[in-house]
Each structure stands twice: as structure tokens, then as C-alpha cells.
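# Structural features, examined
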Amino acid sequence: MPGFMEHFGWTCAPDAVDCTPLTEGEMASQRSLISALLTIGATVGALANPAFVERFGHVPDLALASVVFIAGALLCALASSIGVLYAGRFVSGLAIGMYALCVPVYIAECSPVDYRGQLMTCWQFMVTCGMLAGQGANIGLEKVHWGWRVSYSLNDAFVVLLLIGLITYMPESPRFVASRHTSDEGAQREKLRKVMQKLRYEGDVEHSIEVINREVQEDKEFGDASWKDVFATDNRIRYRVLLGVAIQAFNQLSGNEAINFYSPTILASMFSASGAIFFSFLLGIVNLAAVCTSILTIDRFGRVPLFLVGGTVMFFSQLANSVYQSIEDPNSTISSLFLTSLHIFSFAYHATWGPLAWDICGEM
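The paragraphs below set out a description of the structure included in this document. Quick caveat: nothing in here was measured; it's all calculated off a predicted structure. (Residues numbered from 1 in each chain as written. Predicted model: local features only at pLDDT ≥ 70, side-chain atom pairs only at ≥ 80, totals over all residues. Heavy atoms only, no water.)

## So, the overall build of the chain
Selection rule: To qualify as a helix, a DSSP run of H or I must reach at least 4 residues; to qualify as a strand, a run of E must reach at least 2; elements of each kind are numbered from the N terminus. As a reference, a globule follows 2.2 Å times the number of residues to the power 0.38, and the radius of gyration itself is taken over C-alpha atoms. Burial status follows relative accessibility: with a 1.4 Å probe on protein chains alone, a residue under 20% of its type maximum counts as buried, one over 50% as exposed, and anything between as partly exposed. Should any heavy atoms of two residues lie within 4.5 Å, those residues are considered in contact. Computed by Shrake-Rupley with a 1.4 Å probe, the accessible areas treat only the displayed protein chains as cover when residues are assessed. We score Asp and Glu as negative and Lys and Arg as positive, and we do not count His or the chain ends. Throughout, a charge is located at the NZ atom of Lys, the CZ atom of Arg, the CG atom of Asp or the CD atom of Glu.
On a plain count of helices and strands, the chain comes out with 16 helices and zero strands. For 364 residues, the compact-globule estimate of 2.2 N^0.38 gives 21 Å, and the C-alpha radius of gyration of the chain, at 23 Å, lies within 12% of that figure. Taken along its principal axes, the extent of the C-alpha atoms in the chain is 75 × 45 × 40 Å. Residues classed as buried in the chain amount to 40% of the 364 residues present. For the chain, long-range pairs separated by at least 24 residues make up 73% of all intrachain contacts whose partners lie at least 6 apart in sequence. On the chain, roughly 19,600 Å² of surface is accessible, and the fraction owed to carbon and sulfur atoms is 65%. Once the 22 positive and 32 negative side-chain charges of the chain are each reduced to a mean point, those two points are 6 Å apart.

So this is what it looks like as C-alpha cells:
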């Protein structure tokens, strides 16, 4: 956005006197740090989060993540210097890492088995809706000098809605409730029943309670797992861990996150700056359509076939993208082909690899 670029010295305002904008190299470094600090924060948040979840539960953890995210978004929105913006991105990343670790597990533990895949995909659906809302808002906010501040602060509106839901309705994970050590088993069972009444049909409540209690009892008999147990070959645990790590790693290395962050910059190299924001919004619409497709197909065709089809389409579309971007001074035909290929990649990712990565890791 022009206001953002002028505020941080990337460009000079038309009426500025004695203004020297940053060089392309300096802007690239700052842009990279803005992106990287979010990822670094997410890594720290995800690594530090398990102990909190195990002790206090998923709902308190989600509430804490929401408070942290609100603080990070406000730091970004009120940033007076690039350093404050860096801090805001790191703090926001902490919250995103906490969400990324907690939300898939929470959904998997609360979901009936028959609907788990679709409900896990709904998380990706809501993430995509949020991105689309932001991209749509940026079309108008770009025209306002302080629009970038509103763009950052609007994120808090969604987090406040989540906090309200956490406080007023959302139950704790039934597995967490059943695993708490207590001398009053009757009170614990009653608490678990209240949780299940929010999550299951009336006729399924008692059966679900029995299943959860049996699974928790089996876990207690095995005892707490050590890091050695995490990489043990028994029951193919090491294979599951390495598979989950590989799925998430290649999910990130596919290039989707880079496209999400750099799409305005990438598209600006083919179109105008204002056109880049509009086409980013169109990309968001494609992503939303893809996630809707995933909701309909994820439990019908299975995980592996969708992974293979999606990966194949993503490979060839990214290959085409690299060819189109290597052309100097592309004409309108090349720009249109690039945009089409980018949409194909994004549709394939959000219909397959995007939701499936979280779904499979949650189920393993």
C-alpha cells in the first residue's frame, strides 16, 4: 500500500522534501524480515505450546493465543518504526504457532469419526475466508493513506469473535477432560457428559463417553511417552512421526506461503500495483472455491489419491510459473498465462495439500 511504503521510507510522498527512499536491496531485506519473523514466531509458539495445552487444556490455550495475537496485531497497526513492526510480526507469529498446534488437535478430538475429515477442512475454509476478507478490504484500504493500519487491526475483530465463543460456548476437549486425575470420578463423568452433550447427538452421548474413557485408560496403562518412545518402531510410531513432519515440511516448501505473502509483489511484476491487489483478491476467491471442493471430496475419494492428484497439478503449474516469470518484459498474453497458472496452483493446493496436511496429522 502507498501509505505503508511512504511511512517506512520505501517510497517518498509527492510533497516530501529531502527524502531519499530505501534501495531495492534494503526494501527486499525488510520485506523478507517481515515475512520471516512471523514464521520464526510461529515456530517458537508451536514448540513452547504443548506443555501449556497438556496442563491447562485447549480452550485456555486458544484464549491465550487470542490475547497474544491481539497484542501482535495492535503492535503492527500502531507501528511508528520498522522495529515495532518487526516486533508485532514476531508476536503475531507466536499466536499463529499456538493456533497451528492446538486447533487441529482440538477439532480432531471433538469431532465424530464420520465427520472428522470435513470438520478439519472447515478450519482451512475459515482461514481462507479470513484471507479473502482481508484481500477484499485491501482493495479499498489501498486508497487511504492510513489504510495499512486498519488492515492490520481488522484482524483483531475475528479474534474477538473467537474469544467470545471460547468464553460463552466452546467446550473443552473431551479427551482432556477424561484424562484429568481426580478422586471424584462421578463429578468427572458428569463434566464429560456436559461436554459430550454439546458435541454429540443425544443418543450417542453415553457411547462416546465409554469410548473416550476406554482410550484414556489405555493411554494411562502405557504411561507418559518419552522422546525415545516418540521415535520407537513399535506400532510404527517413528514412521508416523516422520511422515507427519514430512507432510508439513513439504506443505510449506510447496511455495504456497510465499505466494500468499508475496502475491501483490509477484503480480505487480506482471501488472500494475493496484491491479496486483485486485488480482490477489481474485486469487482469494479461487482459494475459497477450492476449499469448498475439498469439503465435498475429502471423505469421498480418500486422502492419498487427492494428495497425488493435487501434487501433480501443483508441480506442473509451478513449473509453468517459473518459465513465465523468467521472461523479461512479458506481454499481456504471458501475464494472462502466468495468472492462470498461478490460479491453477492455488486451487490445487487449497483443494488437496492445504487441508489434507492438517487432517492427516490430526488423525495419526
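## Concerning the packing of aromatic side chains
Counted only if it meets this: Under the pairing criterion, centres of Phe, Tyr and Trp rings, with the six-membered ring standing for Trp, must be within 6.5 Å; the plane angle then separates stacked pairs below 30 degrees from edge-to-face pairs above 60, leaving the rest tilted.
Considering all chains together, one arrives at six aromatic pairs under this definition. Measuring from ring centre to ring centre gives 6.5 Å for Phe345 and Tyr349, while their planes differ by 20 degrees; the resulting arrangement is stacked. Residue Phe345 and its partner Tyr349 are both found in helix H16 (residues 332-363); the two are separated by four residues, about one turn of the helix. By relative accessible area, Phe345 is classed as buried at 0%.

## Here's the deal with the environment of Met196
As for its placement among the helices and strands, Met196 is situated in helix H9 (residues 185-199). Using a relative accessible area of 0% as the deciding quantity, one classes Met196 as buried. Sequence separation of Met196 and Cys110 is 86 residues, and the distance between their C-alpha atoms is 8.6 Å. Excluding residues within four positions of it along the chain, Met196 makes contact with Pro174, Val205, Ser208, Ile209 and Ile212.

## What about the packing of helix H3 (residues 58-77) against helix H4 (residues 82-110)?
Inclusion rule: With axes taken as lines fitted to C-alpha atoms, and helix axes fitted only over the stretch in contact, angles between N-to-C directions fall between 0 and 180 degrees. Working definition: roughly parallel below 35 degrees, roughly antiparallel above 145 degrees, roughly perpendicular at 65 to 115 degrees, and oblique for all remaining angles. Crossing handedness is read from the near helix: turned anticlockwise from the far helix by less than a right angle, it gives a left-handed crossing, and turned clockwise, a right-handed one. Each residue is assigned to one of three groups, with Ala, Val, Leu, Ile, Met, Phe, Trp, Tyr, Cys and Pro labelled nonpolar, Asp, Glu, Lys and Arg labelled charged, and all others, Gly among them, labelled polar.
Where H3 contacts H4, the two axes come as close as 8 Å, and the packing angle between them is 155 degrees. Judged by the inter-axis angle, H3 sits roughly antiparallel to H4. Handedness of the crossing formed by H3 with H4: left-handed. When grouped by side-chain class, the residues that make up the contact of H3 with H4 number 23 nonpolar, five polar and three charged.

## Describing the pattern of salt bridges
Put simply, the rule is: Only one rule defines a salt bridge in this text: a Lys or Arg side-chain nitrogen within 4 Å of an Asp or Glu carboxyl oxygen.
Summed over the entire model, instances satisfying the criterion amount to two salt bridges. With a closest N to O distance of 2.9 Å, Glu190 and Arg193 form a salt bridge. One end of the pair, Glu190, and the other, Arg193, are both in helix H9, three residues apart, so they sit about a helical turn from each other. A relative accessible area of 18% places Arg193 in the buried class. A salt bridge links Glu206 to Arg193; the shortest N-O distance between them is 2.8 Å. In this pair, Glu206 is assigned in helix H10 (residues 205-222) and Arg193 in helix H9, connecting sequence segments 13 residues apart.

## Focus: the packing of helix H2 (residues 24-56) against helix H13 (residues 256-268)
Close contact between H2 and H13 brings their axes to 11 Å; oriented N to C, the two are set at 155 degrees. The angle between H2 and H13 places the two elements in the roughly antiparallel class. Of the residues in H13, those in contact with Arg31, Ser32, Ile34 and Ser35 of H2 are Phe261, Tyr262 and Thr265. Residues of the contact of H2 with H13, tallied by class, amount to three nonpolar, three polar and one charged.

## Considering the side chain of Arg89
Counted only if it meets this: Here a polar contact means two N or O atoms within 3.5 Å. Within protein one must be a hydrogen donor candidate and the other an acceptor candidate, and residues neighboring in sequence count only if both atoms are side-chain atoms.
Following the sequence through the fold, Arg89 ends up in helix H4. Taking the relative accessible area as the measure of exposure, Arg89 reaches 12% and is therefore buried. Polar side-chain contacts of Arg89 include one of 2.9 Å to the backbone oxygen of Ile34.

## Observations regarding the environment of Gly186
Take Gly186: it is sitting in helix H9. On the basis of relative accessible area, Gly186 is assigned to the partly exposed category, the value being 49%. Expressed as a C-alpha distance, the spacing of Gly186 and Ile344, which sit 158 residues apart in the sequence, is 55 Å.

## Here's the deal with the nonpolar core
Applicable threshold: Here the nonpolar core consists of buried residues drawn from Ala, Val, Leu, Ile, Met, Phe, Trp, Tyr and Cys, with membership extended through side-chain atoms lying within 4.5 Å.
In this structure, Leu267, Phe307, Met314, Phe338 and Leu342 are the most contacted members of the largest nonpolar core, which totals 24 residues. If you list the elements that add at least two residues to this core, you get H13, helix H14 (273-301), helix H15 (303-325) and H16. No other element matches H16, which puts eleven residues into this core. When neighbours within four sequence positions are excluded, Phe307 is seen to be in contact with Ile247, Trp353, Leu356, Ala357 and Ile360. Within the second largest apolar cluster, 22 residues are counted, among which are Val68, Ile70, Ile107 and Cys110.

## Examining the side chain of Ser173
Mapped onto the elements, Ser173 comes out in the loop between helix H7 (155-168) and helix H8 (174-179). Residue classification places Ser173 among the buried residues on the basis of a relative accessible area of 0%. There is a polar contact of 2.3 Å between the side chain of Ser173 and the side chain of Glu109. Look past the residues within four positions of Ser173 in its chain and what remains in contact with it is His58, Tyr106, Glu109 and Cys110.

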